[in-house]
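Residue-level listing of the chains:
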Amino acid sequence: RTYTHTDTDSVVSLRFQSCSDMQPRWDAALLVTAAICFLPAASGIGLYSQSDQIAILNHANLDGILYNSSIAWVVEFYASWCGHCISFAPVWKALANDIKEWRPAVSLAAVNCANMRNRQLCLRFEVTSYPTIKLFKAFSAPFFKGDPYEGSERSVLALRHNLINHLENHGENEWPPSCPPLEPTSLAEIQSFFVANDVQYLALIFEEETSYVGREVTLDMLQFENIAVRRVLPSDESLMQSLGVHTLPSLYLYFKDNTHKEISVKMETRIFYTYYLRRLPGVTRGAYKLTVNHSADQATMEPWKDFNRSGLSNKCYGELLWLPLNNLPQPHQTH
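About the thresholds
- Residues numbered from 1 in each chain as written.
- Predicted model: local features only at pLDDT ≥ 70, side-chain atom pairs only at ≥ 80, totals over all residues.
- Heavy atoms only, no water.
- Helix = DSSP H or I, 4+ residues; strand = E, 2+ residues; numbered from the N terminus.
- Buried < 20%, exposed > 50% of the residue type's maximum accessible area, 1.4 Å probe, protein only.
- Contact = heavy atoms within 4.5 Å.
- Expected span 1.5 Å × (residues − 1).
- Bend = angle between axes of the 7 residues up to and from the residue.
- Disulfide = S-S within 2.5 Å.
- Pairing = 2+ DSSP bridges.
- Axes fitted to C-alpha atoms, helices over the stretch in contact; angles between N-to-C directions.

All right, on to the environment of Leu108 then. Structurally, Leu108 is set in strand β3 (residues 106-112). Judged by its relative accessible area of 3%, Leu108 falls in the buried class. Placed 16 residues apart in sequence, Leu108 and Trp92 show a C-alpha to C-alpha distance of 8.5 Å. With sequence-adjacent residues up to four places away left out, Leu108 is seen in contact with Gln53, Ile54, Ala55, Trp73, Val74, Trp92, Leu95, Ala96, Ile99 and Leu163.

For helix α4 (residues 83-98), spanning 16 residues, the distance from its first C-alpha to its last is 24 Å, which sits close to the expected 22 Å at 1.5 Å a residue. Maximal helix bending in α4 amounts to about 35 degrees, located at Ala89; proline Pro90 follows within four positions. Turning to α4, its buried residues are Cys85, Phe88, Ala89, Trp92, Leu95 and Ala96. Contacts from the buried residues of α4 go to β2 (72-78), β3, β4 (129-130), β5 (132-136) and α6 (156-168).

It is worth spelling out the state of the cysteines at this point. Counted under the stated rule, the structure contains one disulfide. With its sulfur 2.0 Å from that of its partner, Cys113 forms a disulfide with Cys122. Residues Cys113 and Cys122 are joined through a disulfide that is left-handed, its torsion about the S-S bond being -95 degrees. Look at Cys122 and you get buried, because its relative accessible area is 4%.

Strand order across the open sheet formed by five strands is β1-β3-β2-β5-β6, with mixed pairing between neighbours. Two strands lie at the open edges of the sheet, namely β1 (55-57) and β6 (147-148), each paired on one side alone. The sheet contact formed by β1 and β3 spans three bridges and is parallel. Across the sheet, the residue bridging to Ala55 is Ala109, located in β3. Of the strands in this sheet, β2, β3 and β5 touch α6, which is tilted by about 135 degrees from β2.

Our next topic: unusual backbone geometry. The omega angle of the peptide bond from Arg103 to Pro104 is 10 degrees, so this bond is cis rather than trans. Inspection of the secondary structure puts Pro104 in the loop between α4 and β3. Backbone geometry places Phe143, a non-glycine residue, at a positive phi of 80 degrees. Note that Phe143 resides in the loop between β5 and β6. Not every positive phi belongs to a glycine, and Asn226 is a case in point at roughly 75 degrees. Mapped onto the elements, Asn226 comes out in the loop between β8 (224-225) and β9 (227-232).

Another point: the sheet that holds strand β11 (residues 260-263). Strand order in this open sheet of four strands is β9-β7-β10-β11, and the pairing throughout is mixed. The two strands at the open ends of the sheet, each matched to only one other strand, are β9 and β11. Geometrically, the sheet is characterised by an average inter-axis angle of 25 degrees between neighbouring strands, direction not taken into account. Set on the sheet, helix α9 (residues 213-220) makes contact with β7 (201-206) and β9; between it and β9 the angle comes to about 170 degrees. Contacting β7, β9, β10 (250-254) and β11, helix α11 (residues 270-278) runs over the sheet at an angle of about 20 degrees to β10.

Structural measurements only, silent on function.
See below:
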C-alpha cells in the first residue's frame, strides 16, 4: 500500500490505520502489564493471611511442606490480580474454616503465582489457568505435580465432598496416619470394636451410600477423644435389623456393654450430629492443637510495601519484555 501524504499528522494517522489489527493484542498487553504494576501482587501480597487456616506456600517452603508429608494437601495456585481468584478467595477461606477440625488428615494451602519469586514454581507445576486446584496425597514423592481437581462446581459443599473423595483415593500405604477409617463398618467390626479400641462411645451413622454426612462427622470428630464414628449403609441388613433402624439418616450410640440407643436431634444433619457428639460426657478435645502453620505463613508473608510510582514506566516496560502473551494463564470461567 502506497501513501502519498507526507505531513506528520497524515503519516501518523495512516500508520495507525495500517496497524489497527494489532490493537487488541497491545491492549491486552497493556492491561496485563498494568495489573502487574499497580496491584498488590507486585509487592508479593497475596489474598490470604495467617488467620485463614490456609498454609501459604512459596518457592522456598513448598517442597518441605508438601512432599513426604503425613497430611494430604489441597493447594490453590492463584494470581492475586486475577478477578476470578479474588471472587473465589472467600470460598477457599470458608472451606478452610469449615474443615479446620479435619487436620491433621487434610489441609488447605495456597500459592500466589503473581509473586515474581513464585513464577518458576508455578511453571514447574504446569499451572495454565487461575485459579488451579491440585491434590497431593499424603507421602507424595518429590517432583510430583499434583492431581488436578476434577469437579466443575466450586462451592464449599462440592469442594468438601471432593476432599473426602481425595482422602478415599489413598492406598493403604498412603493413608494419612491421623485419618480415621471412612469406609462403612460392619456388624462383625462393631461386635469386637471395644476390644480393639479404648473409647467410651461408638457413634453409628446410618445413611445412603451417596451421603457424605457420616464421613463428614467422622472427620469433624477427628480431634476429639473417647469417641469413634463409623458410617453404616442400608446394604448391611443384619446390622440395620439388629439395631432396629428404619429411617435414614439416623444416629445411634453403641456402648461397651453392647447396648445401644437412638439419638434424637432437631435435624438429621452433619451440624446437629457433630454438635451433639462433642457434648457427650467424657468426650474432650485431644492433644492435637488446632493451630495455623505459623512457621509456614511467617516464612512467606511479606510486609506491605507502598507502591513507588516514580519507576512505573521503566518497570512496566521491563515486565512487558518478558511477558509471553500467548502463554498467559487464563482465568477459569466460573458459573
